[in-house]
Each structure stands twice: as structure tokens, then as C-alpha cells.
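Overview (structure and organization)
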Amino acid sequence: MTPPTCFSLSTTDHVAHLVLNQPEAMNTMHPTFWRELDGVLAQLHQTGEARALVISSTGKHFSAGMALETFSGAIAMDDQSPEGRAAIFDLLTDMQATFTRVESLRIPVIMAIQGGCIGGAVDMVTAGCIRYATQDAFFCIQEINIGMVADVGTLQRLPKLIPLGVVKELAYTGRRLGAQKALAYGLVNEVFDTQDAMLAAALQCAREIASKPPVAIWGTKQAVNYARDHSVEDSLRQMGWLQGAIWSNQHLRESVKAMKQKRAGDFPALAPLQRFSEQDRPQIHQNR
């Protein structure tokens, strides 16, 4: 994979750290950003090396969201014909899929947010598992302020995280939601005085996650996400199938032994994945 230009990626002790690194542009999102993020997430998903992912940023703001010049240049939004409007649907579906990769990643994702988390950045962080923020952080559904509907995940995921009335207020007005209110509503897990303290906490949380059996973490994420969108009865049934698929007496014994010996457990990584289309083609033998 070509090294990304909008991000830096490092992995230490099974913890991946993806950093938005264009602070001079307030880490705005443009086609290259989307393409590189999609590629990085696909790589993390397929290799199974990382057991947790922290996404943080640089500069004053986490991200100012979509780069507005994108719509006047790189992306043409044709509203003059039914064919053009149909293409808008397909374009948005493609964009939505990238942030859905965050949600469906095989490992937990921790967002570390400082300053402004605006527009498309809200779409992205709501797809994460855990959100930490600095005191100066704020969230803004900016799309309504520029005459459009938020369309890449905010309006679908945010109501699962905070009260619906709050979502409507933010979505209708474009007001900023400060860090302390975000904490009170449950959007963020914890608020920190400094960016350094926040990042240290995010990485520590990731290391704790990485110390658990990766397949048990995978199963837990599967179960929680499923339960969010299904009834208790359906979720319990899914849990039975899931637990039956991944149960490991060996992992239980190793976890208990590691706790007693006050050491990290030794667990196998998730299996690497490969797309079916990338598998070696089978040899076809003709009968003679």
C-alpha cells in the first residue's frame, strides 16, 4: 500500500494509531482523504495484526469536515436530470461505505477529539466505539448551515448515542455542542484538560483492549452492534450462535492464569483475511 498523505499510521504492541496530519488545512476531507482512509481501514481489517485502533488528529481542530471546494471541482453534483440525481445517490452510498468500515472494523476504534469536530468529522466519529475529547472540543452538524442535509452517517448513528431531541436541535440549528454537554449526553466517554492527556488515555484504553483475546473482543463488538439495531430476543439468539462459534476453553484458562500471574495474556491474533477475488485461481483440469 502506498503511504498515505492525509494520515500517518503506526502500530505498536498490537495498537494501531491513525493520525490526521494536515493541520494547515484543518484536516478537511476531500477525495484523497476518503480514498486513503478507505485503504488504511481495509488494510487493518484484512491483516489482523492490530487489536485496537486509535484515531487522533493534529493542530487546533480534529477536522473541519468536508472540503467545500470538493463540490465545485472534484465532485460534480448534477441536480439537473433524474440520471444526475440518481448518480448522487450512488456517490453518497460509496462515501457512506468508508465510514461504515470504521463501524464494521474487526477491532474496536477509539476516537481522540480536540477542537472542532465539524460536519463530515461528526459522521466519522459517531462510527467509532469510544470517544474521548478535550475541554475545547465541540461538535457541529455543519451541513444545515450550508443548506444541505447531513448525509454520511450522523443522522443515522447519532440518535443511537444521545437523546433524539438533542439530535434534532443540533441538526436543525447547526449549533455547537461543547465537550461538557457532550459528556453529559453520553456522546463522549471522558473529557481531558489537554490533548496529550487525552491521547495518553486513548492509547492506554487501546492497550487494555489489545491485552484481551482478539476473537473475544471481535465477538463482543459483533454482539453490541447487533443488539443496538435488534430486539432483545433477536440479540439473545444471535448471542447464542456467536458464543457457540468462538468459545475457547484455552482462552479462559490463559486469561485466568495471566491474571493470577499479573502478566499479559498470550492469545492468537485474528486470522488474516483475503478477498475472494484475490485468491489464486484454481487449476482447471479437463478430462481427456
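Just above sits the structure.
Read on for a plain summary of the structure.

Reading guide: rules and limits
- Residues numbered from 1 in each chain as written.
- Predicted model: local features only at pLDDT ≥ 70, side-chain atom pairs only at ≥ 80, totals over all residues.
- Heavy atoms only, no water.
- Pairing = 2+ DSSP bridges.
- Helix = DSSP H or I, 4+ residues; strand = E, 2+ residues; numbered from the N terminus.
- Axes fitted to C-alpha atoms, helices over the stretch in contact; angles between N-to-C directions.
- Contact = heavy atoms within 4.5 Å.
- Phe/Tyr/Trp six-rings, centres within 6.5 Å; stacked < 30°, edge-to-face > 60°.
- Buried < 20%, exposed > 50% of the residue type's maximum accessible area, 1.4 Å probe, protein only.
- 1 Å grid on protein atoms, 1.4 Å probe; cavity = no way out; pocket = protein on both sides within 12 Å on 5 of 7 lines; lining within 4 Å.
- Points joined across faces, edges and corners; volume = space filled by probe spheres on them.
- Nonpolar A, V, L, I, M, F, W, Y, C, P; charged D, E, K, R; others polar.
- Parallel < 35°, antiparallel > 145°, perpendicular 65-115°, else oblique.
- Left-handed = near helix turned anticlockwise from the far one by under 90°.
- Core = buried A, V, L, I, M, F, W, Y, C linked by side-chain atoms within 4.5 Å.
- Expected span 1.5 Å × (residues − 1).
- Arc of directions from axis to C-beta.

This part takes up the sheet that holds strand S3 (residues 52–57). The six strands are arranged S1-S2-S3-S4-S6-S9 in an open sheet whose pairing can be described as mixed. The sheet terminates laterally at strand S1 (7–12) and strand S9 (190–192), the two strands that pair on one side only. Direction aside, the axes of adjacent strands within the sheet are offset by 20 degrees on average. One ladder, built from six bridges, connects strand S2 (residues 15–20) with S3; its direction is parallel. Across the sheet, the residue bridging to Val19 is Ser56, located in S3. Running over the sheet, helix H1 (residues 31–47) touches S1, S2 and S3 and is turned about 15 degrees from S1.

Enumeration according to the criterion identifies four aromatic pairs in this entry. Between Tyr132 and Phe192, the aromatic rings sit 5.5 Å apart at their centres with planes inclined by 70 degrees, giving edge-to-face as the arrangement. Placement of Tyr132 in strand S6 (residues 130–134) and of Phe192 in strand S9 is noted, with a sequence separation of 60 residues between them. Classification of Tyr132 as buried rests on a relative accessible area of 10%. Taken together, the ring pairs connect Phe7, Phe33, Trp34 and Phe99 into an aromatic cluster.

This part covers empty space enclosed by the protein. Scanning all chains against the criterion turns up one cavity of 30 Å³ or more. Considering only enclosed or pocket space, the largest cavity measures out at about 30 Å³ in volume. What lines the largest cavity is Val122, Phe139, Cys140, Ile141, Leu158, Leu170, Leu177 and Leu187. In terms of residue class, the lining of the largest cavity is made up of eight nonpolar, no polar and no charged.

So, about the environment of Trp34. Summarising the element assignment, Trp34 is placed in helix H1. Take Trp34: its relative accessible area is 9%, and that puts it in the buried class. Sequence-wise, Trp34 and Gly116 are 82 residues apart; in three dimensions their C-alpha atoms are separated by 19 Å. When near neighbours in sequence (up to four residues on either side) are disregarded, Trp34 contacts Met29, Met66, Met95, Thr98, Phe99 and Val152.

Right, let's talk about the packing of helix H8 (residues 214–229) against helix H9 (residues 232–246) for a bit. The geometry of H8 relative to H9 is characterised by a closest axis approach of 10 Å and an angle of 165 degrees between their N-to-C directions. One way to sum up the angle between H8 and H9 is to call them roughly antiparallel. For the pair H8 and H9, the sense of crossing is right-handed. Only Asp234, Ser235, Gln238, Met239, Leu242 and Ile246 of H9 make contact with H8, whose side of the interface consists of Val215, Trp218, Gly219, Gln222, Ala223, Tyr226 and Ala227. Residues belonging to the contact of H8 with H9 are distributed by class as follows: eight nonpolar, four polar and one charged.

What follows deals with the sheet that holds strand S7 (residues 138–140). Backbone-to-backbone hydrogen bonds pair the strands of a sheet. The strands run either parallel or antiparallel. Judged by pairing direction, the sheet is mixed, and its three strands sit side by side in the order S5-S7-S8 without closing on themselves. Taken across any chain shown, the strands that pair with only one partner, and hence form the sheet edges, are strand S5 (116–118) and strand S8 (176–178). Going from strand to strand, the sheet's axes swing by 20 degrees on average, the running direction of each strand aside. Pairing of S5 with S7 involves three bridges; the strand directions are parallel. Paired with Ile118 across the bridge in S7 is Cys140.

Another aspect to go through is the nonpolar core. Residues Phe33, Leu53, Met124 and Phe139 are the most contacted members of the largest nonpolar core, which totals 51 residues. Listing elements by their share of this core, those giving two or more residues are S2, H1, S3, helix H2 (82–104), strand S4 (109–113), helix H3 (120–125), helix H5 (164–173) and helix H6 (179–185). Among the elements that make up this core, the one with the highest residue count is H1 (six residues). If near-sequence neighbours (up to four positions away) are discounted, Phe33 is found in contact with Cys6, Phe7, Leu20, Asn27, Thr28 and Met124.

Bringing helix H10 (residues 249–261) into the picture now. With 13 residues, H10 extends 18 Å from end C-alpha to end C-alpha; this agrees with the ideal 18 Å at 1.5 Å per step. Buried within H10 we find His251, Glu254 and Ala258. Down the axis of H10, the buried set is contained in an arc of 65 degrees. They therefore lie on one face. Seen from the buried face of H10, the exposed residues on the opposite side, beyond 90 degrees, are Arg253, Met259 and Lys260. The elements touched by buried residues of H10 are H8.

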